[in-house]
There are 2 protein chains.
Amino acid sequence: MRTIKVKTGQPYDILVDGGLLTEVPKDLADLSLGYRYAVISDSRVADILGEDFVRMLEENDLPADLFVFPEGEASKNMDTVVDIARRMVRAGYDRKCAVIALGGGVTGDLAGFLASIYLRGVPYVQIPTTLLAQVDSSVGGKTGVDLPEGKNLLGTFYQPRRVYIDYGVLSTLPLEHLRNGLAEVVKYGCILSPDLFSFLEEKADRLLHYDADALEHIICESCRLKAEVVSRDEKEGHWRRVLNFGHTIGHAIEAAMNYQMLHGFCVSIGMVAAARLSEALDLARNISPRLEALLESLGLPIRLPEGLDIESVMKFLRADKKVWRGKLTFVLLKDLGEPVFYEEPPAEVLLETLASLKSS
Amino acid sequence: MRTIKVKTGQPYDILVDGGLLTEVPKDLADLSLGYRYAVISDSRVADILGEDFVRMLEENDLPADLFVFPEGEASKNMDTVVDIARRMVRAGYDRKCAVIALGGGVTGDLAGFLASIYLRGVPYVQIPTTLLAQVDSSVGGKTGVDLPEGKNLLGTFYQPRRVYIDYGVLSTLPLEHLRNGLAEVVKYGCILSPDLFSFLEEKADRLLHYDADALEHIICESCRLKAEVVSRDEKEGHWRRVLNFGHTIGHAIEAAMNYQMLHGFCVSIGMVAAARLSEALDLARNISPRLEALLESLGLPIRLPEGLDIESVMKFLRADKKVWRGKLTFVLLKDLGEPVFYEEPPAEVLLETLASLKSS
């Protein structure tokens, strides 16, 4: 088992191991966060893992109940939070309970937010079950729900008391969702660690075959790198925004595709765009060919989806800017591991870069 | 102008003065919490004060908009929070905005909660416009909304950056709402300050005539006393619960009356019950006659409302206990200024005490 320490205001540990799930009850008993556990999962994870997990808690004398919500981003809203909170109140969950988020990114964001506001805050732990959640959303303490006007518009900064990452559970994760998470790992390589980037190049094939050692390495490295950034800048200050590499254009693509394309896939294209933009602005040379080769070897897209026109991506980039009356800031690269912030690139350079990413 | 310092994690000042409202724009400009202000008020306060206040902000080059919700406790729910948040997003309110809660307790709780979760938290200030809010809910950083299952079940601890108390605005407050706030002032006297208790005895008549000096004194003393408690125990620990004096039975009466009786009125009866219970348990002697005389001179009720039977009060006391699986803990008095926590008084003593409070 490996341990990563996150040094936020309230510090906590991330534990990483294959088969860790079965160790959780004993560790929870030692942590003694509460005398009763509300396990929150979506309908898919509830079937695969949730019911067994709650039974295991009860067998270890940890009273627990499973609170299930319908799978999907569409559930990540305040109605779901209120619905689960009401069920918890009716079941008698008081201030001495704790929340367990068992699932992917939506579950982590939703359950973390609920924990932060339930009776003005109860402790919670994260058990991320997708690679994306393991390497990204379970570290950093961002919680939240969507509004019809946009994603994650309501939320809190609320640190979990512990994060349990069992890469064994990834064996039931469909391959495209594994790829979805790998895109974020590539991101950490680009902005923070040429070593991790090289590791991904070497082990791409093993990773796509769910190799345990390779998965353990990239998960630990990703968490360690993100934890460093977050420890330095817990609330959305300047430096933390380095994690937005690939996300400015990635989010615009995601919106233009009406959220029908996986987040990591959009970020993959967004990273290629950011690399090419870095080159077009003479910040960097020859990063994009290597990045594109890596992404392709991981089965991630490097060109705009067919049928998506550039104008609609530009529209969402401008809309974002207009809503927030801010400047359009990109995270670009001078080299692997050397990110720079760049404000307001000329529109024609941006357009040319996007045009170069059209599917041929 | 008087200043009370609240030493919570993020310390802040409470400013108290007659006519303070007109000084707010200049002070806000100095504080520079944001470049744009979302003023949140209920429909009643919006008419009386809100529109003028927003105009005053704009005249002082502070861009502002008024966000109004329907008056009343029924609005204190998540739907109202989501509705205002969506209007703010559509109006372009970003992380660099600040929220101003202009109104009574409901507005303060609701707007404070919204500020704590809007884009994961923006700064806010409180401008309480009822005596109850000025002496109670604007100090302490508790925010929240109700669920159908109970009051304040979802919320946060989130400190305002400043509280502006203008006792001049109380001139438009109906007398029964003045009394509503005075009940909480009596509470501070009972548990924390025999001096304040004596002051209330002396100045009861002046207070009921909205005397500015007397109001200033009780507001400052109440805020100072509550700030001391809250500074010592920011999140709901043991000591802070001393503020529940009169509230255990008070809340049960409030619920049994289906929330049709003002909070302070229920607390008034609850305080008499707590004093009599203290005497019945031989903790104290002869407190209740003096307390009842003071409450009566302030026009506050000291007997259970006609038609309310004791069994329904007991039912709500037991329900509270059952839901939270806890012990029924009362704040009782050994003397004025000497509160004690008392767990699970014998049911027959409790019943006798309540029976002694039947309207004759």
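Bear in mind the structure is a predicted one, so any value in this text is a computation, not a measurement. (Residues numbered from 1 in each chain as written. Chains lettered and ligands numbered in written order. Predicted model: local features only at pLDDT ≥ 70, side-chain atom pairs only at ≥ 80, totals over all residues. Heavy atoms only, no water.)

K.L.:
With reference to specific residues and values, describe the overall build of chain A.
P.N.:
Counting its secondary structure elements, chain A contains 13 helices and eleven strands. Overall size of chain A, expressed as C-alpha extent along the three principal axes, is 60 × 40 × 35 Å. Relative to its 360 residues, chain A shows a buried fraction of 58%. A separation of at least 24 residues holds for 75% of the contacts in chain A among residues at least 6 apart in sequence. Working note: accessible area of chain A is about 14,300 Å², and carbon and sulfur atoms make up 47% of it. Averaged over its 40 positive side-chain charges, chain A has a centre that lies 6 Å from the centre of its 52 negative ones. (Helix = DSSP H or I, 4+ residues; strand = E, 2+ residues; numbered from the N terminus. Buried < 20%, exposed > 50% of the residue type's maximum accessible area, 1.4 Å probe, protein only. Contact = heavy atoms within 4.5 Å. Areas by Shrake-Rupley, 256 points an atom, 1.4 Å probe, with all protein chains shown as cover. Lys, Arg positive; Asp, Glu negative; His and termini not counted. Charge placed at Lys NZ, Arg CZ, Asp CG, Glu CD.)

K.L.:
Let's hear about unusual backbone geometry: which residues, and what values?
P.N.:
The backbone of A:Leu119 shows a phi angle near 50°, a positive value even though the residue is not glycine. Taking the relative accessible area as the measure of exposure, A:Leu119 reaches 7% and is therefore buried. Residues other than glycine seldom take positive phi values, yet B:Asn258 does so here, at roughly 55°. Along the chain, B:Asn258 falls in the loop between helix H9 (247-256) and helix H10 (263-280).

K.L.:
Which residues make up the packing of aromatic side chains, and what are the values?
P.N.:
Two measures describe an aromatic ring pair: the distance that separates the ring centres and the angle between the ring planes. Inspection of the entire model under this criterion finds four aromatic pairs over all chains. Ring geometry for A:Tyr124 versus A:Tyr158: centroids 5.7 Å apart, planes at 10°, classification stacked. Of this pair, A:Tyr124 sits in strand S6 (residues 124-128) while A:Tyr158 sits in the loop between strand S8 (150-157) and strand S9 (162-166), placing them 34 residues apart in sequence. Owing to a relative accessible area of 23%, A:Tyr158 belongs among the partly exposed residues under this scheme. In this arrangement the basic side chain of B:Arg120 is found over the ring face of A:Phe157, its NZ or CZ atom lying 6.0 Å from the centre. In this structure, B:Lys187 packs its charged tip against the face of B:Tyr188, placed 5.1 Å from the ring centre. (Phe/Tyr/Trp six-rings, centres within 6.5 Å; stacked < 30°, edge-to-face > 60°. Lys NZ or Arg CZ within 6 Å of the ring centre and 35° of its normal.)

K.L.:
Requested: an account of the pairing of strand S1 (residues 2-6) of chain A, with residues and values cited.
P.N.:
Residue and element names in this part refer to chain A. Bridge analysis of S1 against strand S2 (residues 12-17) gives five bridges, and the strand direction is antiparallel. Across the sheet, Ile 4 pairs through a bridge with Ile 14, a residue of S2. Once S1 ends, the chain turns through five residues before running back antiparallel as S2. (Pairing = 2+ DSSP bridges.)

K.L.:
Can you break down the relation of the copies chain A and chain B residue by residue, with the values?
P.N.:
Relative to chain B, chain A is turned by 180° and slid 0.0 Å along the rotation axis, the superposed coordinates differing by an RMSD of 0.0 Å. Overall, the copies show the geometry of a two-fold rotation axis. Among all residues of chain A, the one whose C-alpha sits closest to the rotation axis is A:Met78, at a distance of 3.8 Å. A high fraction, 100%, of the interface residues of chain A reappear at the interface in chain B, so the copies pair face to face through one surface. (Least-squares fit on C-alpha atoms with pLDDT ≥ 70 in both.)

K.L.:
Explain the environment of A:Gly141 to me, and be specific about the residues and the numbers.
P.N.:
Residues and elements named next belong to chain A. Along the polypeptide, Gly 141 turns up in the loop between helix H5 (131-137) and strand S7 (142-147). Note: C-alpha distance between Gly 141 and Gln 159 (18 residues apart in sequence) is 4.3 Å. The residues touching Gly 141, leaving out its near neighbours within four places in the chain, are Tyr 12, Thr 156, Phe 157, Tyr 158, Gln 159 and Pro 160.

K.L.:
Kindly report on the side chain of B:Asn180, identifying the contributing residues and their values.
P.N.:
Residue and element names in this part refer to chain B. Within the fold, Asn 180 resides in helix H6 (residues 175-192). At a separation of 2.5 Å, a polar atom in the side chain of Asn 180 contacts the main-chain amide nitrogen of Gly 264. Residues in contact with Asn 180, not counting those within four places in the same chain, are Leu 132, Leu 262, His 263, Gly 264 and Phe 265. (Polar contact = N/O pair within 3.5 Å; in protein donor to acceptor, adjacent residues only side chain to side chain.)

K.L.:
Tell me about the pairing of strand S11 (residues 338-343) of chain A, and please be specific about residues and values.
P.N.:
Residues and elements named next belong to chain A. For strand S10 (residues 329-335) and S11, the ladder comprises six bridges, and the chain directions are antiparallel. In the strand pairing of S11, Leu 332 is matched with Val 340. The antiparallel hairpin formed by S10 and S11 contains two residues in its connecting segment, where Gly 337 sits at a positive phi of about 85°.

K.L.:
If you had to explain the interface of chain A and chain B to someone new, which residues and values would you point to?
P.N.:
Often the size quoted for an interface is simply the accessible area lost on bringing the parts together. Taken together, the contact pairs 35 residues of chain A with 35 residues of chain B. Where chain A meets chain B, there are four salt bridges. We note a salt bridge from B:Glu149 to A:Arg90, for which the minimum N-O separation is 2.6 Å. Taken together, the links from chain A to chain B amount to ten residue pairs in polar contact (both at pLDDT 80 or more). Breaking the side of chain A that touches chain B down by element, the ones donating at least two residues are helix H3 (78-90), helix H4 (105-117), S7, S8 and helix H12 (310-324) of chain A. Here the residues of the side of chain A that touches chain B are counted per class, giving 18 nonpolar, seven polar and ten charged. (Salt bridge = Lys/Arg side-chain N within 4 Å of Asp/Glu carboxyl O. Nonpolar A, V, L, I, M, F, W, Y, C, P; charged D, E, K, R; others polar.)

K.L.:
Give a description of the packing of helix H6 (residues 175-192) of chain A against helix H10 (residues 263-280) of chain A that names residues and reports values.
P.N.:
All names here are of chain A. Packing of H6 against H10 brings their axes to within 8 Å, and their N-to-C directions diverge by 40°. Viewed along their axes, H6 and H10 form a crossing whose handedness is left-handed. Two secondary-structure elements touch here, H6 through Glu 176, Arg 179, Asn 180, Ala 183, Glu 184, Val 186 and Lys 187 and H10 through His 263, Gly 264, Phe 265, Val 267 and Met 271. Each residue belonging to the contact of H6 with H10 can be placed in one class, and the counts come to five nonpolar, three polar and four charged. (Axes fitted to C-alpha atoms, helices over the stretch in contact; angles between N-to-C directions. Left-handed = near helix turned anticlockwise from the far one by under 90°.)

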